[in-house]
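Descriptive structure summary
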Amino acid sequence: MKKYPLFIDLDNRRTPIIGGGVAALRKARLVAAAGARPVFIWPDIDPEIEREFGDAAEYIDCRPAAADLAGARIVFVAVEDGDDPARWAELAKTAGALVNVVDRPALCDFTTPSIIDRGALVIAISTDGAGPVFGRDLRARIEAMLPARIGALLDFAAGYRDAVKAKIGEGGRRAFWERFFKGPVAAKALAGDEAGAREAMIETLNRPQDAPGPGVVHIVGAGPGDPDLLTLKAFRLIQQADVILYDRLVSNEILNLARRDADRVYVGKAKADHAVPQEDIEARMIAFAREGKMVVRLKGGDPFVFGRGGEELEAVRAAGIAAAVTPGVTAATGCAAAAGMALTHRDAAQSVTFVTGHAKGDAEPDLDWGALAALKNTLVVYMGVGKAAAIAGNLIRCGRSASTPVAVIENGTRPEQIIVKGALGELPALIGRAGVKGPALLVIGEVAAMADGDTLSQLLEKERLVA
Ligand SMILES: C[S@@+](CC[C@H](N)C(=O)[O-])C[C@H]1O[C@@H](n2cnc3c(N)ncnc32)[C@H](O)[C@@H]1O
């Protein structure tokens, strides 16, 4: 370790900053975030500084004298090289303060780290000047790992420290706090439900500690496949989970983000081949949570778009288990982005409708074809590949033109993505020629003409060239 890190209490402390320019302003922002009262000392203080800080700072518009620095714990020197920073550093040291001189490491008693500030949680990163860019990159990565409300959660926990001490013997406290940070109380506090968190905390404290109580179920959207499309929250929850129940459409790259010791339970369904009945999935989520586990139910796309996430949420809540939902990028928006095709476009469609083309056995999807054909908007059909001929036929029968553009996106956002486009009348031929099996979306409407994909004739030409 090249320098020893410290956290200094500057709350309400006068903190001299020698200088009046941008560098001084930056240092002032840093210390003001920790509650310090910046004191700008320099003949020439930028009026912007006064505008920003107003009464929250002091302004001494002359060169510093020893008396200006008396009692300061730290002093910043932020003046140009020609303004003799060494002299002011010496003055501050003589006044007994630790000194930081901007851009002059040799004159510094301390350096300022890259800071992650989440209230009670402060993380400081230093590379001792060796790799500031790396330090900033690391900071961004750590920021992404931390829930936005982590500071509020820590404050909440601090408020119960004495109560926990009084209720739980020393031997059980560590386990208690471990469960706390992954359990329902923390989930509620992190979601901003302060009242719910308090209620759950009181209930947890009053429960005998040999019966630690249920965990929590997070119903999480994994997006359409590309791991970079996960939300930050989904990413964090996947990394924390004790057990992950996942569907067929959740990609391996995403599952590999899980802890190595987390249980991964496949509960996926292939069409007409329900690997695990829905009630069993719900029962398993509830059973794992009752063991006190943090359960992540990971679903492709968004859990509330054709994902039975609503049913799962109801079932878990009905069992008295805390549950929360984290949305995901749904296949329609993911595929549209991947195909460079806006789902609404001022010139082509003012609205978009999501429907499911799923139907049992040979039956046709039970949709109001007349209404869908009349809308003349963008129609996105999930699970529609198997019934594409019926879908196209019904829309045309009800008045949608056979020349309406369509796009078919299979495995959108994944490396194996296929995009083809053509006219509604040739939809089955397009699907057959491209060998689309799914998961795929059908996008019907004028916007589909804008998709980056092969047309039927381009597909045929490619086949000819290969042959
Ligand atoms: C049971 S639904 C689940 C939808 C999911 N909840 C969502 O919001 O995307 C499954 C259907 O979503 C569509 N789908 C999911 N991921 C896809 C992808 N990467 N590319 C194309 N379609 C996809 C397909 O129509 C698939 O049959």
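Residues numbered from 1 in each chain as written. Predicted model: local features only at pLDDT ≥ 70, side-chain atom pairs only at ≥ 80, totals over all residues. Heavy atoms only, no water.

**Some words on the packing of helix 13 (residues 278-290) against helix 14 (residues 309-318)**
Definition in use: Fitting a line to C-alpha atoms yields each axis, with helices limited to the stretch in contact; the angle taken between N-to-C directions then spans 0 to 180 degrees. Working definition: helices are DSSP H or I runs of at least four residues, strands are E runs of at least two. Numbering for both runs from the N terminus. Here is the rule for angles: anything less than 35 degrees is roughly parallel, anything more than 145 is roughly antiparallel, 65 through 115 is roughly perpendicular, and the remaining ranges are oblique. What makes a crossing left-handed is the near helix being turned counterclockwise from the far one by less than a right angle; a clockwise turn instead makes it right-handed. Here, residues are in contact when the closest pair of their heavy atoms is within 4.5 Å. Residues were grouped as follows: Ala, Val, Leu, Ile, Met, Phe, Trp, Tyr, Cys and Pro as nonpolar; Asp, Glu, Lys and Arg as charged; and all remaining residues, including Gly, as polar.
It is the contact of helix 13 with helix 14, at a shortest axis distance of 10 Å, that shows an interaxial angle of 45°. Between helix 13 and helix 14, the crossing angle belongs to the class labelled oblique. Considering only the axes of helix 13 and helix 14, their crossing is right-handed. Counting all contacts with helix 13, which are made through Q278, I281, E282, M285 and I286, the residues of helix 14 involved are E311, E312, A315 and V316. Looking at side-chain class alone, the contact of helix 13 with helix 14 contains five nonpolar, one polar and three charged residues.

**Considerations on the pattern of salt bridges**
Selection criterion: A pair is scored as a salt bridge if a Lys or Arg side-chain nitrogen falls within 4 Å of a carboxyl oxygen belonging to Asp or Glu. Any residue under 20% of the maximum accessible area for its type is buried, any over 50% is exposed, and the rest in between are partly exposed; the area is computed with a 1.4 Å probe on protein chains only.
Counted under the stated rule, the structure contains 24 salt bridges. Across the salt bridge formed by E143 and R118, the nearest N and O atoms sit 2.4 Å from each other. With E143 in helix 5 (residues 132-145) and R118 in strand 6 (residues 114-118), this pair connects stretches of sequence that are 25 residues apart. Since its relative accessible area comes to 22%, E143 is described here as partly exposed. K182 is paired through a salt bridge with D242; the nearest N and O atoms lie 2.6 Å apart. Within this pair, whereas K182 is found in helix 8 (residues 170-182), its partner D242 is found in the loop between helix 11 (232-240) and strand 9 (243-246), the two being separated by 60 residues in sequence. In this structure K182 comes out as partly exposed when scored by relative accessible area, which is 26%.

**Examining the site of the ligand**
The following threshold applies: For this purpose, a residue is taken to be near a molecule or strand whenever a single non-hydrogen atom of the residue falls within 4 Å of it. Think of a polar contact as two N or O atoms within 3.5 Å of one another; within protein, one of them needs to be a possible hydrogen donor and the other a possible acceptor, and neighboring residues in sequence only count if both atoms come from side chains. Accessible areas in this description were obtained via Shrake-Rupley with a 1.4 Å probe; residue shielding takes into account the shown protein chains only. Domains are outlined according to an automatic or database domain assignment.
Surrounding the ligand, one finds 19 residues, the nearest of these being D302, V305, T330, A331 and A440. Contacts to the ligand include G300, whose backbone N or O atom sits 3.0 Å from a nitrogen atom. Contact between the ligand and A331: an oxygen atom at 2.8 Å from a main-chain N or O atom of the residue. Starting from 560 Å² of accessible surface for the ligand in isolation, the protein chains cover 89%. For the shell around the ligand, the secondary-structure elements that each account for two or more residues are helix 15 (331-339) and strand 17 (440-444). Class assignment of the residues belonging to the shell around the ligand gives a composition of 12 nonpolar, five polar and two charged. In this structure, the shell around the ligand is formed jointly by two domains, domain 2 (214-329) and domain 3 (332-466), each of which donates at least three residues.

**Some words on the packing of aromatic side chains**
For clarity, the cut-off: By convention, a stacked pair of Phe, Tyr or Trp rings (six-membered ring in the case of Trp) has centres within 6.5 Å and planes under 30 degrees apart, an edge-to-face pair has planes over 60 apart, and any other such pair is tilted.
Counted by the stated rule, this structure contains 13 aromatic pairs. Ring geometry for F156 versus Y160: centroids 5.0 Å apart, planes at 40°, classification tilted. Taken as a pair, F156 and Y160 share a single burial class, namely buried. Three or more aromatic residues joined by ring pairs form one cluster here, namely F156, Y160, F176, W177, F180 and F181.

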